[in-house]
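# Descriptive structure summary
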Amino acid sequence: MKKDIENANDIKILVDTFYQKAVENDLLGPIFNDIAKVNWQHHLPIMYSFWSSVLLATPGYVGNPMDAHFRLNQKITLTDADFNTWKDLFVQTVTDLFEGEIANEAKKKAISIADLMFYKIQNYNQSAGVNIGKVR
Ligand code: HEM
C-alpha cells in the first residue's frame, strides 16, 4: 500500500526520483546535462520548494518557471516530444511512489503546467519563425 504525498520528505523523494529518471532519459538527459549544464545542488532545492508550494501550499518558492524555459528554448528548441516525455516520466514517478488525493493532484497539475508551458513556447517559436525541432 503506497502513501500519499504528505510532507517535505515526500516531495524530496518525488523530485530526486524524477530527475534521476530525467537525466537517464535519451531525449531529456542531454538537455539537462549538455545544453543547460544544470548545477544540481542549486536546481534541486529550487524544485523541492516549487513542488512544496504547488502541492502542500508551503511558502518559499520565488521564481519564474516560464522565463527559465524560454531561456532554455533559446538554447535548444523545445518540442512536443520533450514535453510528452517530461509528462510521462513525471506521472510514472508519482504513480510508482505514491497514491492518494495529493498524488492525483500532482499528476494533474504537472500535466496542466507542462501543457501551458509548451503552448506558450510553441506560440513563441511559431511567431518568431523558429522551425520547431530544427536543432535535432
Ligand atoms: C521539456 C520539458 C522540460 C525541460 C527540458 C526542463 C528543463 C529545465 C531546466 C534546464 C531548468 C533550469 C535549471 C537551471 O536553473 O539550471 C528548469 C527549471 C525549472 N523547471 Fe523545467 N523543464 C521542463 C519542464 C518543466 C515543467 C513541465 C515544469 C513544471 C511543471 C518545470 C518546472 C521547472 C521549475 C520550477 C524550474 C526552476 C525555475 C526557477 O529557477 O525558478 N519544468 N527546467
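Quick summary incoming for the structure in this document. (Residues numbered from 1 in each chain as written. Predicted model: local features only at pLDDT ≥ 70, side-chain atom pairs only at ≥ 80, totals over all residues. Heavy atoms only, no water.)

### Examining the overall build of the chain
Stated precisely, the cut-off is as follows: Going along the chain from the N terminus, every DSSP run of H or I of four or more residues is numbered as a helix, and every run of E of two or more is numbered as a strand. Based on C-alpha atoms, the radius of gyration is set beside the globule rule, defined as 2.2 Å times the residue count to the power 0.38. Burial classification: accessible surface area is computed with a 1.4 Å probe over protein chains only, and a residue below 20% of its type maximum counts as buried, one above 50% as exposed, and the rest as partly exposed. Residues count as neighbours in contact if any of their non-hydrogen atoms are within 4.5 Å of one another. To measure how exposed things are, a 1.4 Å probe is used in the Shrake-Rupley method; for residues, cover is taken only from the protein chains shown. Lys and Arg are tallied as positive, Asp and Glu as negative. Neither His nor the chain termini are counted. A single reference atom marks each charge: NZ on Lys, CZ on Arg, CG on Asp, CD on Glu.
When its secondary structure is counted, the chain shows six helices and zero strands. Secondary structure elements of the chain occur, N-terminal to C-terminal, as α-α-α-α-α-α. Radius of gyration (C-alpha) of the chain: 15 Å, near the 14 Å computed for a compact globule of 136 residues. Along the longest, intermediate and shortest principal axes, the C-alpha atoms of the chain span 50 × 25 × 25 Å. Residues counted as buried form 36% of the 136 residues belonging to the chain. Partitioning the intrachain contacts of the chain with sequence separation of at least 6 by distance along the chain shows that 78% fall at a separation of at least 24. When the accessible surface of the chain is split by element, carbon and sulfur atoms take 55% of a total near 7800 Å². Side-chain charges in the chain split into 14 positive and 16 negative, and the spacing between the mean points of these groups amounts to 6 Å.

### A few points about the coordination of the iron atom of the ligand
Where we set the bar: Here a donor is any nitrogen, oxygen or sulfur atom (N, O, S) within 2.8 Å of the metal, with 3.2 Å used for Na, K and Ca; water is not among the atoms considered, so some sites may look incomplete.
On the protein, His69 (NE2) is the one donor atom to the iron atom of the ligand, at 2.0 Å. Take histidine 69: it is sitting in helix 4 (residues 65-75).

### Describing the environment of leucine 97
Position of leucine 97 relative to the elements: it lies in helix 5 (residues 80-97). Each C-alpha atom, one on leucine 97 and one on lysine 2, is 6.7 Å from the other, the two residues being 95 residues apart in sequence. Contact partners of leucine 97, with chain neighbours within four places excluded, come to Lys2, Lys3, Ile13, Leu14 and Thr17.

### Brief notes about the packing of helix 3 (residues 40-56) against helix 6 (residues 101-127)
The line we're drawing: Lines fitted to C-alpha atoms define the axes, with helix axes restricted to the stretch in contact, and inter-axis angles between N-to-C directions lie between 0 and 180 degrees. Here a crossing is taken to be left-handed if its near helix is turned anticlockwise relative to the far helix by less than a right angle, and right-handed if that turn runs clockwise. Polar here means any residue other than Ala, Val, Leu, Ile, Met, Phe, Trp, Tyr, Cys and Pro, which are nonpolar, and Asp, Glu, Lys and Arg, which are charged; Gly is therefore polar.
Contact pair helix 3 / helix 6: the axes reach a minimum separation of 10 Å and the direction vectors enclose 115°. As helix 3 packs across helix 6, the resulting crossing turns out to be right-handed. Along its contact with helix 3, which presents Phe50, Trp51, Val54, Leu55 and Leu56, the element helix 6 presents Ile102, Glu105, Ala106, Lys109, Ala110 and Ile113. Considered class by class, the residues forming the contact of helix 3 with helix 6 number nine nonpolar, no polar and two charged.

### Brief notes about the site of the ligand
The condition that has to hold: Near, as used in this document, describes a residue that has one of its heavy atoms within 4 Å of the molecule or strand being considered. Polar contacts here mean pairs of N or O atoms no more than 3.5 Å apart (in protein, one a potential hydrogen donor and the other a potential acceptor; neighbouring residues in sequence count only if both atoms are side-chain atoms).
Residues in close proximity to the ligand total 22 residues, the closest being Phe32, Ala36, Tyr61, His69 and Trp86. Within the contact set of the ligand, an oxygen atom lies 2.6 Å away from a side-chain nitrogen or oxygen of tyrosine 61. Contacts to the ligand include histidine 69, whose side-chain N or O atom sits 2.8 Å from a nitrogen atom. Elements supplying a minimum of two residues to the shell around the ligand: helix 2 (28-35), helix 3, helix 4, helix 5 and helix 6.

### Some points on the side chain of lysine 87
If you trace the backbone, lysine 87 turns up in helix 5. When sequence neighbours within four positions are dropped, the list of residues in contact with lysine 87 reads Ile111, Ala114 and Asp115.

### Comments concerning the nonpolar core
Rules: What we call a nonpolar core is a set of buried Ala, Val, Leu, Ile, Met, Phe, Trp, Tyr and Cys residues that are connected through their side-chain atoms within 4.5 Å.
In terms of nonpolar packing, the biggest core is built from 34 residues, with Ile5, Val15, Tyr19, Trp51, Leu55, Trp86 and Phe90 touching the most fellow members. Residue assignment for this core shows that the elements contributing at least two residues are helix 1 (8-24), helix 2, helix 3, helix 4, helix 5 and helix 6.

### Remarks on the pattern of salt bridges
So the rule is basically this: The salt bridge definition used is simple: a Lys or Arg side-chain nitrogen within 4 Å of an Asp or Glu carboxyl oxygen.
Evaluation of the coordinates by the stated rule reveals seven salt bridges. Of the charged contacts, one joins lysine 3 and glutamate 6 as a salt bridge, the two residues approaching to 3.3 Å between their closest N and O atoms. Close ionic contact of lysine 108 with glutamate 105 constitutes a salt bridge, the shortest N to O distance being 3.9 Å. With lysine 108 and glutamate 105 both in helix 6 and three residues apart, this pair spans about one turn of that helix. Residue lysine 108 is classed as exposed on the basis of its relative accessible area, which comes to 55%. Here glutamate 105 falls in the partly exposed class, since its relative accessible area comes to 30%.

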